[in-house]
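Residues per chain are reported as follows:
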Amino acid sequence: KSRGRSIFEVILAMCFVAFLVGFITVLCIGNYFRAKRAQERQRQRRLAKLAAHNPAGRPDGVPPGQYEAPHMPVQSAVPS
């Protein structure tokens with residue numbers, strides 16, 4: 001029920017609610033795309049930093065000084 005309000009007031013209230021919902025939706029969508037662009041820029045900076053610290057162009061992207069040689073699996077001392 002409209003509780004004694006005129007049809008104009010009901011329509012005006014519905015328009016106001018629709019505006020608020022639309023405005024918040026546009027803000028959320030804009031924020032999503034802004035964050036997505038910022039994430040991509042951060043990724044590009046990280047890749048550029050790795051490339052600058054990695055002049056040999058190692059494909060694994062491990063910065064110098066953080067490489068660890070592979071280990072042989074541990075075998076039991078009891079012969080099979």
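Residues numbered from 1 in each chain as written. Predicted model: local features only at pLDDT ≥ 70, side-chain atom pairs only at ≥ 80, totals over all residues. Heavy atoms only, no water.

### Things to note about the overall build of the protein chain
Line of reasoning, step 1. In terms of helices and strands, the protein chain carries one helix and zero strands.
Line of reasoning, step 2. Surface accessibility of the protein chain: about 7800 Å² in total, with carbon and sulfur atoms responsible for 66%. (Helix = DSSP H or I, 4+ residues; strand = E, 2+ residues; numbered from the N terminus. Areas by Shrake-Rupley, 256 points an atom, 1.4 Å probe, with all protein chains shown as cover.)

### Thoughts on the packing of aromatic side chains
Line of reasoning, step 1. Scanning the entire structure with this criterion turns up two aromatic pairs.
Line of reasoning, step 2. Pairing Phe19 with Phe23 gives two aromatic rings, centres 5.8 Å apart and planes at 25°, and the pair type is stacked. Highlighted residues: Phe19 and Phe23, both in helix α1 (residues 7–53), separated by four residues, approximately one helical turn.
Line of reasoning, step 3. Exposure remark for Phe19: the relative accessible area of 52% places this residue in the exposed category.
Line of reasoning, step 4. For the pair Tyr32 and Phe33, a centre-to-centre distance of 5.2 Å together with 75° between the ring planes defines the contact as edge-to-face.
Line of reasoning, step 5. Owing to a relative accessible area of 43%, Phe33 belongs among the partly exposed residues under this scheme. (Phe/Tyr/Trp six-rings, centres within 6.5 Å; stacked < 30°, edge-to-face > 60°. Buried < 20%, exposed > 50% of the residue type's maximum accessible area, 1.4 Å probe, protein only.)

### Points about a nonpolar patch on the surface
Line of reasoning, step 1. There is a patch of nonpolar side chains on the surface, built from Phe16, Val17, Phe19, Leu20, Val21, Phe23, Ile24 and Leu27 and spanning about 800 Å² of accessible area.
Line of reasoning, step 2. As for its placement among the helices and strands, Ile24 is situated in helix α1. (Patch = residues over 30% accessible without salt bridge, like charges linked within 9 Å, V, L, I, M, F, W, Y side chains within 5 Å. Salt bridge = Lys/Arg side-chain N within 4 Å of Asp/Glu carboxyl O.)

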